[in-house]
Amino acid sequence: MTAATGAREHSRGVPSGTYRLQFHAEFTLDDGAQLAGYLADLGVSHAYASPLLRSAEGSNHGYDTTDHAHVDEARGGREGLDRFVAALHEHGLGLVLDLVPNHMGVDDAHASQWWWSLLELGPDSPHAHAFDVDWAFGGGRVRVPVLGSADDVTELRVTDGELRYYEHRFPIAPGTGEGTPQEVHDRQHYELVDWRRADGDLNYRRFFAINTLAGLRVEDQRVFDATHELALSLVSEGLVDGLRIDHPDGLADPQQYLDRLAEAGGHRWTVVEKILEPGEQLPGDWATAGTTGYDALAEVDGVLVDPAGEPVLTALDTELVGHEVDYAELVHGCKREVTDGILGSEVARLARLVGDLPGVSAEQVVEGLAELLASFPVYRTYLPEGRAQLDATVSAVRERRPDLTAAVDGLHPLLATPHTELATRFEQTSGPVMAKGVEDSAYYRWARFVMLNEVGGDPAHFGVPVADFHAAQEHRAAERSVSMTTLSTHDTKRSEDVRARLAVLAELPEEWADLVRGWLARHPLADRPLAHLVWQNLVGAWPLSRERAQAYVEKAAREAGTSTTYTAPDAEFEATLHAMVDAAFDDPTTRSEIDAFVERITPFGWSNSLTQKLLQLTIAGVPDVYQGTELWDFSLVDPDNRRPVDFTARRELLTGLDDGAVPAVDASGAAKLLVVSRVLRHRRDSPGSFSRYEPVGVTGSAADHAVAFDRGGVVTVATRLPVGLAATGWGDTALELSHGGWRDLLTGTRVVSDAHGVAVAELLAALPVALLVKD
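Residues numbered from 1 in each chain as written. Predicted model: local features only at pLDDT ≥ 70, side-chain atom pairs only at ≥ 80, totals over all residues. Heavy atoms only, no water.

Q: Explain the pairing of strand β11 (residues 190-194) to me, please; I cannot follow it from the model alone.
A: Successive residues of a regular strand alternate their side chains across the two faces of the sheet. Within β11, five of the five residues are buried, which leaves the element mostly enclosed by the surrounding structure. In this sheet, β11 lies alongside strand β7 (residues 142-147) in parallel orientation, the contact comprising five bridges. The residue of β11 that forms the bridge with Pro 145 is Val 193. (Buried < 20%, exposed > 50% of the residue type's maximum accessible area, 1.4 Å probe, protein only. Helix = DSSP H or I, 4+ residues; strand = E, 2+ residues; numbered from the N terminus. Pairing = 2+ DSSP bridges.)

So, in structure tokens, the structure goes:
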């Protein structure tokens, strides 16, 4: 079965377009119901909901499910869901639901009855099989890293038949409640330990390094059934039409899981949150329509970047760092910090499974495993698929670390045997090492050009030539035509419009470098690469409130971990960092320079944003619009990208567009809303117009500034590298279209293609993008 065939077979009810909504206590399902008419007018076919099952109290994201049998009451409960779906159906819309099979929230043990039962009854709990606990390593107890220090056992209290540690509640096993609190604690099936021991002594699988998200053994049919009963009933009852699967790489066997889900759910359209490295392909035999779209994001972003800016930005980065950065080495180092630090418990568990290797010390086994994990080029394998990547990684480690040759040679056959506990756990561990080492470390340490530091991207790959973009989209149309595409999510490091504006820096690298040198001289920070990252993000999101800026830089600095960390914050450094950010607002010279530069690059950023959006909406796949991004949205990393959205303003602006003339490209964002609504409506109403992909030739003096393609009924035309274009104009640049009349669905502009094609200057006189149909 080819990937294309598999995707079609497992894609019943393919959306034409989706709109992601983040539900929480302040934006409930009833609030979502009020948007149904607006979403229909916008042109999507489906709302796309964040996780809705009962989650931890106060959760604003829902990825910490505590009870799979109920819709979260704070979000509106089952009654709210019914009202939301009824409103969607009234307007002809469906619903895509985000599911979290890999883990559940256990921060409040009492709120998670499965976890409570496990703690109370240990291996005899009826839910013990649901969790991934190494009982032997814990001496028959599960270790819970919650104490402020080991001495805090003296703070334990027995109250109302429970063991209490400040606000934390824990069960007491039957017949073990006599004696001092410490004596009671010592008789439990759990051991409360210093939170610092999570790095090396934990004995249950987690989501990444988050102790309060315990891994689930969804490969067990009983666990699958129990965790999916409600979700699948919503599918069978017609309330849910499609599914998004969170973090499939955490599962023991993603293919088995997707097969079960497809069979139980009637092969509904399902996408997986799988991060593909550049050039990597999704396994062809997975029962899925494709990914959630980070791969498409990287392709679209790349075509906006001017490769001519790379030397100057690299030179600036080298100047600030003190040496030229070897990104591969930086990534390796970051990943080793993860294997030797926050995921040390997971590496130790792998080593216990390896046991004794002849002629290899226990220390070398741990070191060999850590090196293999740090050198792995993709998130994970799915043996036997991916065996070549494992083999290549072993060869790379042997070359890098000859002293570990015996260790990796001994580990190789063990890790290459599919479906063993060791091989599977290694696969489950390599993804978190990649995510924490790259997305949450290296991306914050290498500030050469942060527009490229995005989930699914490669900061070392400076731009995508138009020919390569076309090749990627032809492959997408042939193999993954119903996969999701996206530009912004709740997990992106910065929103699409921030990245579109930052892309302009690659066209003005000298001007940018001069500004950065001046700001660093005026407001010095010891961590100069971090300062460069901060200045880029401030300019990308400007104007923004001081509070948003300060919250972002604190998170960025602690994620980078070079000068301060979450667990050991450096108050003096952070004070200097916050003072630098204050200077952006308060220093007259710096403020005026920022204002002037942002004013200069903003129109070019708008052009990039419109191009970026039109490309994403018209390439093959199911385009998703993240909440609020139908207008300009200059958000940074979460929680900044989860701020309230003014839907009233968007509804009014959309109504005005339907009644009025073509909007100007200005701060209102109406031009972006025009692009989003017109394309989504056409995809919904004329799906046959998006049936193939063929590059459209561009000739003339400014041909490099255009990207154009034919989807089988519509032709996309978009501007790239707008700074350079402003200096030359379109001149004689023309599109090679079939003879006859063409009409732009965005502006209504009519043009005629003759022997010379269509003049791009005439076509793009009002907007930097166009969507053509035969007139």
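That was the structure; now back to the text.
Q: Looking at this model, I keep getting lost on unusual backbone geometry. Mind explaining?
A: Comment: phi is negative for the bulk of residues other than glycine, and the bulk of peptide bonds are trans. Of the consecutive residues Trp 542 and Pro 543, the connecting peptide bond is found in the cis state with omega at 0 degrees. Here Pro 543 is to be found in the loop between α21 (528-541) and α22 (546-560). Geometrically, the link from Asp 638 to Pro 639 is a cis peptide bond, its omega value of 10 degrees lying close to zero. Checked against the element boundaries, Pro 639 lands in the loop between β18 (622-626) and α25 (647-659). Phi at Tyr 166 is positive, roughly 50 degrees, even though this residue is not glycine.

Q: It is not clear to me how the pattern of salt bridges should be interpreted in this structure. Could you clarify?
A: Opposite charge on two side chains permits pairing when their charged atoms draw close. One pass over the full model with this rule turns up 69 salt bridges. When the shortest N-O distance is used, the salt bridge between Glu 496 and Lys 613 registers 3.3 Å. Within this pair, whereas Glu 496 is found in helix α19 (residues 496-502), its partner Lys 613 is found in helix α24 (residues 588-618), the two being separated by 117 residues in sequence. Like Glu 496, the residue Lys 613 is buried in the burial classification. (Salt bridge = Lys/Arg side-chain N within 4 Å of Asp/Glu carboxyl O.)

Q: Help me understand the side chain of His 247, please; the structure alone is not making it clear to me.
A: Along the chain, His 247 falls in the loop between β14 (242-245) and α9 (254-265). Beyond its immediate sequence surroundings of up to four residues, His 247 is in contact with Asn 102, Phe 207, Phe 208 and Glu 273. (Contact = heavy atoms within 4.5 Å.)

Q: For this particular structure, what's the right way to read the packing of helix α8 (residues 221-236) against α9?
A: Packed helices, taken two at a time, are described by the angle between their axes plus the distance between the axes. Across the interface, α8 lies against α9 with an axial gap of 10 Å and an inter-helix angle of 40 degrees. Taken together, the axes of α8 and α9 lie oblique to each other. You can see that α8 and α9 cross each other, and the crossing is right-handed. Contact residues: Gln 221, Phe 224, His 228, Leu 232 and Val 235 in α8; Tyr 257, Arg 260, Leu 261, Ala 264 and Gly 265 in α9. When its residues are assigned to classes, the contact of α8 with α9 shows six nonpolar, three polar and one charged. (Axes fitted to C-alpha atoms, helices over the stretch in contact; angles between N-to-C directions. Parallel < 35°, antiparallel > 145°, perpendicular 65-115°, else oblique. Left-handed = near helix turned anticlockwise from the far one by under 90°. Nonpolar A, V, L, I, M, F, W, Y, C, P; charged D, E, K, R; others polar.)

Q: What is the right way to read helix α17 (residues 421-445) from this model?
A: Within an α-helix, residues lying three or four positions from one another point in the same direction, as the helix has 3.6 residues per turn. With 25 residues, α17 should reach 36 Å at 1.5 Å per residue; the first-to-last C-alpha distance of 35 Å fits that figure. For α17, the tally of buried residues reaches 24 of 25 residues, placing the bulk of the element in the interior. (Expected span 1.5 Å × (residues − 1).)

Q: What's the story with the environment of Leu 163 in this structure? I'm lost.
A: Considering the arrangement of structural elements, one finds Leu 163 in strand β9 (residues 162-165). Residues Leu 163 and Gln 182 lie 19 residues apart in sequence; the distance between their C-alpha atoms is 9.6 Å. If near-sequence neighbours (up to four positions away) are discounted, Leu 163 is found in contact with Leu 156, Arg 157, Val 158, His 168, Arg 169, Phe 170, Ile 172, Pro 181, Val 184, His 185, Tyr 190 and Leu 192.

Q: Explain the packing of aromatic side chains to me, please; I cannot follow it from the model alone.
A: Aromatic ring pairs are reported here in terms of the distance separating the ring centres and the angle at which the planes meet. Evaluation of the coordinates by the stated rule reveals 22 aromatic pairs. Judged by centre distance (5.7 Å) and plane angle (80 degrees), the rings of Trp 512 and Trp 519 are edge-to-face. As far as burial versus exposure is concerned, Trp 512 and Trp 519 are alike and both buried. Joined through ring pairs, the aromatic side chains of Tyr 19, Phe 23, Phe 27, Tyr 38, Phe 84 and Phe 647 make up one cluster. When the ring centre of Phe 137 is taken as origin, the NZ or CZ atom of Arg 352, which lies over that ring, is 3.6 Å away. Positioned above the aromatic ring of Phe 634, the side-chain terminus of Arg 501 is 4.4 Å from the ring centre. (Phe/Tyr/Trp six-rings, centres within 6.5 Å; stacked < 30°, edge-to-face > 60°. Lys NZ or Arg CZ within 6 Å of the ring centre and 35° of its normal.)

Q: Is there a simple way to explain the sheet that holds strand β20 (residues 698-699) in this structure?
A: Strand pairing in a sheet relies on backbone hydrogen bonds, with the paired strands running either antiparallel or parallel. Spatial ordering of the open sheet is given by β20-β23-β26, a layout of three strands whose pairing is antiparallel. Across the chains shown, the open sheet's two edge strands, defined by having one partner strand only, are β20 and β26 (758-759). By the bridge criterion, two bridges tie strand β23 (residues 734-735) to β26 in an arrangement that is antiparallel. Looking at β26, one finds that Leu 735 is bridged to Val 758.

Q: Would you mind showing me how to read the environment of Glu 454 here?
A: Checked against the element boundaries, Glu 454 lands in the loop between α17 and α18 (466-479). According to the relative accessible area criterion, Glu 454 is buried, its value standing at 2%. For the pair Glu 454 and Arg 494, spaced 40 residues apart in sequence, the C-alpha to C-alpha distance is 7.7 Å. The contacts of Glu 454, once residues within four sequence positions are left out, are Leu 297, Tyr 443, Thr 492, Lys 493, Arg 494 and Arg 499. There is a polar contact of 2.8 Å between the side chain of Glu 454 and the backbone nitrogen of Lys 493. From its side chain, Glu 454 meets the backbone nitrogen of Arg 494 in a polar contact 3.3 Å long. (Polar contact = N/O pair within 3.5 Å; in protein donor to acceptor, adjacent residues only side chain to side chain.)

Q: Just to check I follow, could you spell out the nonpolar core for this structure?
A: Side chains of nonpolar character tend, in soluble globular proteins, to be buried together. Among the nonpolar cores identified, the biggest contains 144 residues, and Leu 81, Phe 84, Phe 469, Trp 512 and Trp 535 are the most heavily contacted of them. The element best represented in this core is α24, accounting for ten residues. Those residues in contact with Trp 512 that lie beyond four places of it in its chain are Leu 313, Leu 316, Leu 505, Trp 519, His 532, Trp 535, Gln 536, Val 539 and Phe 597. Ranked by size, the runner-up nonpolar core spans 31 residues in total, among them Met 104, Phe 131, Trp 135 and Leu 192. (Core = buried A, V, L, I, M, F, W, Y, C linked by side-chain atoms within 4.5 Å.)

Q: Which parts of the structure should I look at to understand the side chain of Glu 439?
A: As for its placement among the helices and strands, Glu 439 is situated in helix α17. For Glu 439, which is buried and forms no salt bridge, the nearest opposite charge comes from Lys 493, at a distance of 4.9 Å. The contacts of Glu 439, once residues within four sequence positions are left out, are Ile 275, Tyr 379, Met 434, Tyr 444, Val 455 and Lys 493. (Lys, Arg positive; Asp, Glu negative; His and termini not counted.)

Q: Can you help me understand the sheet that holds strand β10 (residues 168-170) in this one?
A: Overall, antiparallel pairing links the three strands, which are arranged β8-β9-β10 in an open sheet. Strand pairing shows two members of the sheet lacking a second neighbour, β8 (157-159) and β10, which therefore form its edges. Each strand axis lies, on average, 35 degrees off the axis of its neighbour in the sheet, ignoring direction. Taken together, the three bridges between β9 and β10 define a ladder with antiparallel strand orientation. Note on β10: the bridge partner recorded for Leu 163 is Phe 170.

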